[in-house]
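Observations on the model geometry
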Amino acid sequence: MTTNKDTPRLEIDLSKLAHNVRQIVDIFGAKGATVFGVTKGICGDPKIASVYLDNGITVLADSRLDNLAKLRASGITAPLLLLRFPSLKEAKSTVDLADISLQTEIPTMKELAKHAQQKNIKHKVILMVELGDLREGLMPEELDSVVEQVLPLEGLELAGIGANMACLGGIIQDDRNMTELSHLAENIENKFGIALDYVSVGNSVVYSWFKDTKDVKRVNNVRLGESILLGGRDLPEQKIPGLNLDVFTLVAEVIEAKVKPSIPWGEVFVDAFGNIPKFQDKGLIPRAICNVGRQDVSVQDLAPRKDVDIIGASSDHLIMDAKNSGLRVGDEVEFDMYYGALLSIMTSPYVKKYYMNDPFQSRDAG
Ligand SMILES: *Cc1c(COP(=O)(O)O)cnc(C)c1O
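Residues numbered from 1 in each chain as written. Predicted model: local features only at pLDDT ≥ 70, side-chain atom pairs only at ≥ 80, totals over all residues. Heavy atoms only, no water.

Describing the overall build of the chain
Here is the rule we go by: The secondary structure listing takes helices from DSSP runs of H or I that are at least 4 residues long and strands from runs of E that are at least 2 residues long, numbered from the N terminus. Whether a residue is buried, partly exposed or exposed follows from its accessible area with a 1.4 Å probe, protein chains only, as a fraction of its type maximum: under 20%, in between, or over 50%, in that order. A contact between two residues is defined here by any heavy atoms of the two lying within 4.5 Å. Note on areas: these come from Shrake-Rupley sampling with a 1.4 Å probe, and a residue is covered only by the protein chains present in the view. Residues scored as positive are Lys and Arg, those scored as negative are Asp and Glu, and His as well as the terminal groups of each chain are ignored. The atoms used to mark charge sites are NZ of Lys, CZ of Arg, CG of Asp and CD of Glu.
The helix and strand inventory of the chain stands at 11 helices and 16 strands. When its C-alpha atoms are laid out on the principal axes, the chain stretches across 75 × 50 × 45 Å. Scored against the burial criterion, the 366 residues of the chain give a buried share of 49%. Pairs at least 24 apart in sequence give 66% of the contacts found in the chain among residues at least 6 apart. Accessible surface computed for the chain: about 17300 Å², of which carbon and sulfur atoms make up 51%. Taking the 41 positively charged and 51 negatively charged side chains of the chain as two groups, their mean positions are separated by 2 Å.

A word on the domain arrangement of the chain
Just so we agree on the cut-off: Where each domain starts and ends comes from a domain assignment, either automatic or drawn from a database. Here the buried area means the combined drop in accessible surface, using a 1.4 Å probe, for two parts upon being joined, counting both sides. In the sections that follow, a salt bridge refers to a side-chain nitrogen of Lys or Arg positioned within 4 Å of a carboxyl oxygen of Asp or Glu. Contacts described as polar in this section are N or O atom pairs within 3.5 Å, which, within protein, must combine one atom able to donate a hydrogen with one able to accept it, while residues neighboring in sequence count only if both atoms come from side chains. For this scheme, ten residues count as nonpolar: Ala, Val, Leu, Ile, Met, Phe, Trp, Tyr, Cys and Pro. Four count as charged, namely Asp, Glu, Lys and Arg, and the remainder, Gly too, count as polar.
Entries for the chain in the domain assignment read domain 1 (31-230) and domain 2 (248-356). Every contact between the two is made by 10 residues of domain 1 and, on the other side, 9 residues of domain 2. Interface area for domain 1 against domain 2, summed over the two sides, is near 900 Å², with a carbon-plus-sulfur share of 74%. If you look at where domain 1 meets domain 2, you find 0 salt bridges. Taken together, domain 1 and domain 2 are joined by 1 residue pair in polar contact (both at pLDDT 80 or more). When residues of the side of domain 1 that touches domain 2 are assigned to their parent elements, the largest contribution, 3 residues, is made by helix α9 (residues 226-230). Of the residues in the side of domain 1 that touches domain 2, the class split is 5 nonpolar, 1 polar and 4 charged.

With respect to the environment of Glu 141
With respect to the secondary-structure elements, Glu 141 resides in the loop between β6 (123-128) and α6 (143-150). The class of Glu 141 is exposed, set by a relative accessible area of 63%.

Overview of unusual backbone geometry
Omega for the bond connecting Thr 7 with Pro 8 falls within 30 degrees of zero, at -10°, which places this linkage in the cis form. Residue placement: Pro 8 occurs in the segment before β1 (9-13). Backbone torsion omega between Gly 202 and Asn 203 reads 5°, so that peptide bond is classified as cis. On the secondary structure map, Asn 203 appears in the loop between β8 (198-202) and α8 (206-212). Look at Cys 43: it is not a glycine, yet its phi comes out positive at around 50°.

A look at the site of the ligand
Just so we agree on the cut-off: The criterion for a residue being near a molecule or strand is simple. One of its heavy atoms has to lie within 4 Å of it.
Neighbouring the ligand are 15 residues, the closest being Lys 40, Arg 135, Ser 204, Gly 225 and Glu 226. Measuring from a nitrogen atom of the ligand, one finds a side-chain N or O atom of Asn 164 at 3.4 Å. A distance of 2.6 Å separates an oxygen atom of the ligand from a polar side-chain atom of Ser 204. In the complex, the protein chains occlude 96% of the 390 Å² of accessible area that the ligand would expose alone. Here the residues of the shell around the ligand sort into 5 nonpolar, 4 polar and 6 charged.

Structure, rendered in structure tokens:
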């Protein structure tokens, strides 16, 4: 394959992405749930966000205010949700940039309420509940008392409750914890005589519970990023049938290809990162170096599309056992990626981003 595009580069196929968005919206919509489209994995990229919005997603969610600001500055007018709790200092920008945010702390919500009142607007909050994953959330027994304190805060509107799973503790959604969340929502509605717009769960692992359960109960919203972008979660059984797994392609170029031994020789010291590396002796092997390294990507989260093995990487070099691939200098190598690789590539200024099958461009042209 020859092309004059720079390497390393990230190719983003917007038409494959659009397909994933439509599928996800349909799959979750079939059981009555709307989708918040999470953009943190792609740093709030406005082009990708626009594909979300053009294909059935109505609310965008990101963990960083900088990314929300980027989305707004690009002219996107859809409601925006802040996923990570803002610091107290960020309360004003949160009200300025986000229409909805996830919350647990009364002091933070008081700050938000104050700024929202000054602007004469209502900022929506979704109260997060801890269901066992132990990243963020109110303990279920605190929920009532927090609701009681939030409802009188002018400037805020209690839009729902939510929970986050599979982020720290590795705990997944199941009928037991999702039933608990539904009961908590019903209790609040009955006790305080209010209706909650959202009973919201995340993240992408929610798919396996969602497709298998007979009754999603009160769960009516999912917050998804990875499954839209990469077609599912890292585990093969979490891949969602019918979705494209290759929306993103990292392309690097071979800058050296030589037959060399498979184990280093000389006195053992340390590698570039202070570790003593271990190698398997396979005799002489064809070794290929690609022009991408740890400054660009979290190498352990890459999977080459060719039958070659990654041996290791330093800051700027990726070394592979080229096996029978016949790789030569100037050849391009394509890689699939797990979420960690996508995150690191998106934040590396050294990897150029190219949009493929851009519907907006052809629209402009036509
Ligand atoms: C990141 C995040 C999500 C989405 O996670 P994905 O794995 O990308 O689907 C959902 N909810 C919260 C609170 C998050 O921080």
